[in-house]
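So you can see what is in the structure, the chains are spelled out below.
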Amino acid sequence: MTTVRNATLSVPGAELYYEVRGDGPLLLVSESGEGDARRSIDLVGRLVTDHTVVTYDRRGLSRSVRTDPTVPITLARHADDVHRLLAELTDGPVAMLGLSLGAVIGLHLAVEHPDRPLTLIAHEPVAPRLLPAAERAHHERELAGIQRLYASRGLNATFGEVARVLGIDLAAQDAEPGLTAQPLTPRRIANFDFFLTHDFTAVLDDTLSAERVAALRETEVRVVPALGRTTPDTVFDHRCARKLSALLGTEPAEFPGGHNGNLTHPAAYASRLREVLAAAPASRARRDRPVSGVVHDRRVGPHRANEAPCRSRTSK
């Protein structure tokens, strides 16, 4: 059984819960949708043999409790949470897998901290502001329509529309065998509520600009746009990945599955992720200095999953 080291970090307006598994170069996973620290458990389990994998609950989800509800939920705030978490764990180079909403969080982290040696795999970012004006307006109307549907008819009525907008075929979705069950628990229902109510608004009100993203070409950050092999090229998450590639002057990396291939094809996804990380150009900082070790041995107590309470620390 893989040892799970868990803790909370005090950040402005919230207590951020996170988990650390494995050994090797640090890889942080920032989830999509309502996903918390254990949403991609099948993928993470295949990465811990050669990576120190950090997962976390975004503020407002699961164990990451908001201590000040007046602090607004924005993608920049989510990115600041990740910045503080990484600063807590290491001062060396890191890799980040950003999935959908998590990919946009990673892009915010990159543009706000371009001096951090970071390799970001940005899988189908939900970033309509990267798109041309007319296309952006169309997809923002789709997202706003999902919010209205959820408010008027509830979660069950909303699933199909979310899947349609993201290009997920719920009726014929391929998947690897032996996946961990992910039942719709009360915690997940509450997470979906927060995601659709608050994080959707954060996407619609986002300030990320194509110009700032394009400027990442001249920084220490290495961004690898990624898209799912089965995601239709007409849906906006695919279009955002393509636009990100154009802004950075590169080709997107193709991953198994579709928008949620990390969940449906964890073994193949982990293998592809290793290939992409190995091929990603190293930053100057990574070439010029040794990797600083993750210091969770003294900051995060060793626990088995679901056993010991977290130790809290404060980030100023």
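Preceding this section is the structure that the text describes.
Thresholds, definitions, all that
Along each chain, residue indices are assigned from 1 in the same order as the chain's sequence is written. Since the coordinates come from a predicted model, pLDDT governs what is reported: local features require at least 70, and pairs of side-chain atoms require 80 or more to be given and counted, while whole-chain, interface and lining totals use all residues. Computation of side-chain values covers all heavy atoms of the structure but excludes hydrogens and water. Among buried residues, those of type Ala, Val, Leu, Ile, Met, Phe, Trp, Tyr and Cys that are joined through side-chain atoms within 4.5 Å constitute a nonpolar core. Here the term buried applies to any residue with accessible area under 20% of the maximum for its type, exposed to any over 50%, and partly exposed to those in between, with areas from a 1.4 Å probe on protein chains only. Starting at the N terminus, helices and strands are each numbered in turn, a helix being any DSSP run of H or I of at least four residues and a strand any DSSP run of E of at least two. Whether two residues are in contact is decided by their heavy atoms: any pair within 4.5 Å suffices. Fitted lines through C-alpha atoms serve as axes, helices being fitted only where they are in contact, and the angles separating the N-to-C directions of these axes extend from 0 to 180 degrees. By the definition adopted for this analysis, an angle is roughly parallel if under 35 degrees, roughly antiparallel if over 145, roughly perpendicular if from 65 to 115, and oblique otherwise. Less than a right angle of anticlockwise turn of the near helix away from the far helix marks a crossing as left-handed, whereas a clockwise turn marks it as right-handed. Three categories are distinguished: nonpolar for Ala, Val, Leu, Ile, Met, Phe, Trp, Tyr, Cys and Pro, charged for Asp, Glu, Lys and Arg, and polar for the others, with Gly belonging to the last. For two strands to pair, DSSP has to find at least two bridges joining them. A clockwise course of the path from the first strand over the helix to the second, judged with the strands pointing away from the viewer, identifies a crossover as right-handed.

A. Quick look at the nonpolar core. Core analysis: the biggest nonpolar cluster contains 61 residues, and Leu 28, Leu 85 and Val 223 have the highest contact counts within it. Top contributing element to this core by residue count: helix H3 (residues 101-112), with 8 residues. Ignoring sequence-local partners within four residues, the contact set of Leu 28 consists of Val 54, Tyr 56, Val 82, Leu 85, Leu 86, Ala 95, Met 96 and Leu 97. Within the second largest apolar cluster, 21 residues are counted, among which are Leu 27, Ala 226, Tyr 269 and Ala 270.

B. Broad picture of the packing of helix H5 (residues 155-166) against helix H6 (residues 186-204). At their nearest, the axes of H5 and H6 sit 12 Å apart, and the two run at 60 degrees to each other. Considering the angle they form, H5 stands oblique to H6. For the crossing formed where H5 meets H6, the hand is left-handed. Residues Leu 155, Thr 158 and Phe 159 of H5 pack against Ile 189, Phe 192 and Leu 196 of H6.

C. Fine view of the packing of helix H4 (residues 133-153) against H5. In the contact formed by H4 and H5, the axes pass within 8 Å of each other and the chain directions differ by 165 degrees. For the element pair H4 / H5, the angle class is roughly antiparallel. Note on packing geometry: the crossing formed by H4 with H5 is right-handed. The segment H4 lies against H5, with Glu 142, Ile 146, Leu 149, Tyr 150 and Arg 153 engaging Leu 155, Ala 157, Thr 158, Glu 161, Val 162, Arg 164 and Val 165. A breakdown of the residues in the contact of H4 with H5 according to their chemical character gives 7 nonpolar, 1 polar and 4 charged.

D. Structural context of unusual backbone geometry. In the Ramachandran plot, Ser 100 falls in the positive-phi region, its phi being about 60 degrees despite a non-glycine side chain. As for its placement among the helices and strands, Ser 100 is situated in the loop between strand E5 (94-99) and H3. Positioned with a positive phi, Glu 124 is a non-glycine residue whose angle comes to about 45 degrees. The topology assignment puts Glu 124 in the loop between strand E6 (118-123) and H4. Residue Glu 124 is classed as buried on the basis of its relative accessible area, which comes to 0%.

E. Focus on the side chain of His 108. With respect to the secondary-structure elements, His 108 resides in helix H3. Beyond its immediate chain neighbours, meaning those up to four positions away, His 108 contacts Leu 75, Ala 76, Ala 79, Asp 206, Thr 207 and Leu 208.

F. View of the pairing of E6. Of all 6 residues that make up E6, 6 are buried, and the element is covered over most of its length. In E6, alternate side chains face the same way, and those of Leu 118, Leu 120 and Ala 122 on one face and Thr 119, Ile 121 and His 123 on the other are all buried. Note: E5 against E6, 6 bridges, orientation parallel. Note that in E6 the partner of Met 96 across the bridge is Leu 120. As a crossover connection, the stretch from E5 through H3 into E6 is right-handed. In this sheet, strand E7 (residues 222-228) lies alongside E6 in parallel orientation, the contact comprising 5 bridges. Residue His 123 lies in a different strand from E7, and its bridge partner there is Ala 226.

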